[in-house]
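Summary of structural features
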Amino acid sequence: MLEKYKRKVMRKPEKLVVEGEAGAGKTTFACSSHTEKDPVFVINADDGGENVFHKTGISLIHDCIPTGDVKENSQKWDSVMATLRDIASEKSGIKRIIIDSVDKLEILAQAKVCTDHKQPHIESLGYGKGYAYSRGEMAKLLSALNYLRDTQDIQPILICHTQIRTINKPTMEPYDSFILKLHKSLSADVMEWADVILFVAFETIVKKIDSGFNRKDSRAIQSGNRFLYTSGSMGVDAKNRFDLPPEIPADWNEYRKLIDSFWDGKKTNSETLKKG
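Structure report, in brief. Not measured: the values here are computed from a predicted model.

Rules behind the numbers
Residues numbered from 1 in each chain as written. Predicted model: local features only at pLDDT ≥ 70, side-chain atom pairs only at ≥ 80, totals over all residues. Heavy atoms only, no water. Buried < 20%, exposed > 50% of the residue type's maximum accessible area, 1.4 Å probe, protein only. Helix = DSSP H or I, 4+ residues; strand = E, 2+ residues; numbered from the N terminus. Pairing = 2+ DSSP bridges. Contact = heavy atoms within 4.5 Å. Polar contact = N/O pair within 3.5 Å; in protein donor to acceptor, adjacent residues only side chain to side chain. Expected span 1.5 Å × (residues − 1).

Thoughts on the pairing of strand 7 (residues 175-180)
Counting buried positions along strand 7 yields 5 of 6 residues, so the element is predominantly enclosed. Examined bridge by bridge, strand 6 (residues 162-167) and strand 7 share 6 bridges and lie antiparallel to one another. Across the sheet, residue I164 finds its bridge partner in strand 7, namely F178.

So this is what it looks like as structure tokens:
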């Protein structure tokens, strides 16, 4: 009787969030997924990606950079949703949609709420109400990305800045951690929505430096190399559903190989990655 429920597992493009500190290479990593065969569309809400677009050859771009005008930002939010509807209405061959950045889009969503409710600021609606309405607008965005993923196999990639917050858990001492630079309820929604959250970081090497008088001081020096945290730790919000090693090179092709290996049934651990 239960035979009718049997089905094959369906591989879908993973919903990806790329976070990290300013200048760590979030946009560079995400945009390096663009090729002539697998074109990328960018929702550009962060005024700082032109050099990356030039370097990677990306030309499909919707600009929606927030300004200080609430009405203008509200119109930009409407234009973002209209753009997603345009993409949904035709078979364009787009392989990925990159939103750079989702925290800047939250500003547009908040402006949409303000104009709909005829308020000058998101907090003017009363305690928590404005952020709840904005969360609803952002839920529409995530739903639209899900639709494009399910109907056209388009992978959604959200780039997000970070902020540092003290985490209090009943089972351990408080500690500071990088978290998504979003309102806390929206941050939780994005964390739950994503299949993979990668944290881009610089490699830091600790060196002993002779400071005289038989003393050696430790100095943290950045090597210039970047890597990705793929799972959560005390200090970083990251996760994945594909058995990725805890740290991997910040290289799109290496990342894709690991995802493909998961679906092909091949195990890849940290040692294998280092040897490769």
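Some words on the environment of T56
Of note, T56 is situated in helix 2 (residues 50-56). In the structure, T56 is positioned 25 residues away from C31 in sequence and 6.7 Å away in space, judged by C-alpha atoms. Non-local contacts of T56, meaning those with residues more than four positions away in its chain, are made with C31, S32 and H34. There is a polar contact of 2.7 Å between the side chain of T56 and the backbone oxygen of V52.

Some points on helix 5 (residues 129-152)
Taking 1.5 Å of rise per residue, 24 residues should cover 34 Å, and helix 5 covers 35 Å from first to last C-alpha, within 8% of that figure. Here helix 5 has its buried residues at G130, S134, E137, M138, L141, L142, A144, L145, L148, R149 and Q152. Considering only its buried residues, helix 5 is in contact with helix 3 (70-88), strand 4 (96-100), helix 4 (102-116), strand 5 (155-160) and helix 6 (184-193). Taken from the residues just after helix 5, D153 is the one with a positive phi, measuring 60°.

Some points on the side chain of E14
With respect to the element layout, E14 can be found in the segment before strand 1 (16-20). A relative accessible area of 2% means that E14 is categorised as buried. Polar contacts involving the side chain of E14 include one to the side chain of R256, which spans 2.4 Å. Beyond its immediate stretch of four places on either side in the chain, E14 contacts Q155, P156, D195, V196, F242, Y255, R256 and I259.

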